[in-house]
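Working through the structure, step by step
Take a look at the letters that make up each chain.
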Amino acid sequence: GNETASCTCPNTTICKVFQKGYILLYPFNTEYCLVCCSVLYVMWKNVGRRITHDHVPHTKPKFKLQGVVFGPLLGAVAVIIGICVFMMYQIQATGSAPSRQIFIIYYSYYIVLLPLMSVGAVIGTIIHALEKRELDTLKNPTRSLDVVLLMGAALGQIGMSYFSIVSLVATSPMDLLNSLILSYSVLLIFQNITQNVFIIDGLHRQHFIAATEARHTGHAGQHTVPSELPSEEETMTSSGQEHTQMSPDKEEETKEQNHEAYDQRRVSMLELGQEIRKVSLSYIQSYSNQSWKRRALREISFFLVLCNIILWVMPTFGAHPVFENGLEKSFYGYSTWFVIVNFGLPLGVFYRMHSVGGLLEVYVTA
């Protein structure tokens, strides 16, 4: 449809916007259809389904950023570098044919990031194995569908990587760019497998019960807050006593009002500082009260969430080096490689988006 519009459509600004916008919105259309199919499947499986009261959780876990430090920092660094690489690639791709150097930078970014993600997923899986949490064997259509979608959507990137490996091994794998693409394809397969194992294992674990920790932090907050309140009251009462001892002249009354306004501002600043101090103390306390296993799982999950977001953004908004580098296209032919990319690329984009949802659930339940 896009090619037909660019034959028949005159050379105007509206037609160019439509041509570029259609390409950018194509992955969203595919994701929308996949999400609708998933939701309809879950609705169909839950028709007439009843859950006993024993299996209903009393407290639902909520998303909180407390207890994570290194995961957001490393993930933010990966996102910032990825955005810079993506902008450099897009400038090259829109201006003219992408140069060999930009392909080297693009694949080098992936070669550095994918092993970090794989190592994090492997460590998280080992921590799951060391935990004493039992497996949740309750039949859950939503969780079963999540597992199927993760494994099915991963076939898109695994398939493209497999065909890339075959073409590169058969041609010239010793070339620098070919070696980078070959390493990227192998690491991508390994990263998808390790991440799927980590997410699926985390989804099948029972939730942590953090009631005792919440009670402990509540008692700690009750003990810390009253000990600091008398200092504020003392400052307010002492300032009031000082003002009552002054002479009742008008000039001194105006000075007294100014002093009172100043004292009120000082008390408000003290209250603000105290609130900031209490928030920071509660954050540090919640971080220290968690076990090292829970902290590690949260750090890894949040890091993988940010990494999957940037790996979703780059192919969704136009970075397609698997088709633009010309290596696989020259080996398989234009039509064959075009079919492979159109099959694998939307599934790869959907896989990153669906992985973010699974990793967030692992983070919340950890």
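Here the structure is a predicted model, which means the values were calculated and not measured. (Residues numbered from 1 in each chain as written. Predicted model: local features only at pLDDT ≥ 70, side-chain atom pairs only at ≥ 80, totals over all residues. Heavy atoms only, no water.)

The subject of this paragraph is a nonpolar patch on the surface. A cluster of nonpolar residues, V35, V39, L40, M43 and M353, forms a patch on the protein surface that exposes about 430 Å² of accessible area. The element best represented in the nonpolar patch is helix α2 (residues 13–45), accounting for 4 residues. The topology assignment puts M43 in helix α2. (Patch = residues over 30% accessible without salt bridge, like charges linked within 9 Å, V, L, I, M, F, W, Y side chains within 5 Å. Areas by Shrake-Rupley, 256 points an atom, 1.4 Å probe, with all protein chains shown as cover. Salt bridge = Lys/Arg side-chain N within 4 Å of Asp/Glu carboxyl O. Helix = DSSP H or I, 4+ residues; strand = E, 2+ residues; numbered from the N terminus.)

Scanning all chains against the criterion turns up 0 disulfides. Cysteine C37 remains unbridged, with the sulfur of C33 as its closest cysteine sulfur at 6.7 Å. (Disulfide = S-S within 2.5 Å.)

Bringing the UniProt feature "transmembrane region" (unreviewed entry) in the protein into the picture now. If you check UniProt for "transmembrane region" (unreviewed entry), the listed places come out as residues 23–44, 65–91, 103–127, 147–170, 176–199, 300–319 and 331–351 in our numbering. Along residues 103–127 one finds 100% helix and 0% strand; the C-alpha atoms at either end are 36 Å apart. (UniProt positions renumbered as here; feature names shortened; annotations may be inferred.)

Under the defined criterion, the tally for this structure stands at 1 salt bridge. D175 is the salt-bridge partner of R100, the closest N and O atoms lying 2.8 Å from each other. Remark: D175 occurs in the loop between α5 (141–170) and α6 (176–203) and R100 occurs in helix α4 (residues 100–130); sequence separation between them is 75 residues.

Before going further, it helps to examine the environment of S38. When you line up the elements, S38 lands in helix α2. Separated by 108 residues in sequence, S38 and D146 place their C-alpha atoms 8.7 Å apart. If sequence neighbours within four positions are ignored, S38 has contacts with L145 and L149. (Contact = heavy atoms within 4.5 Å.)

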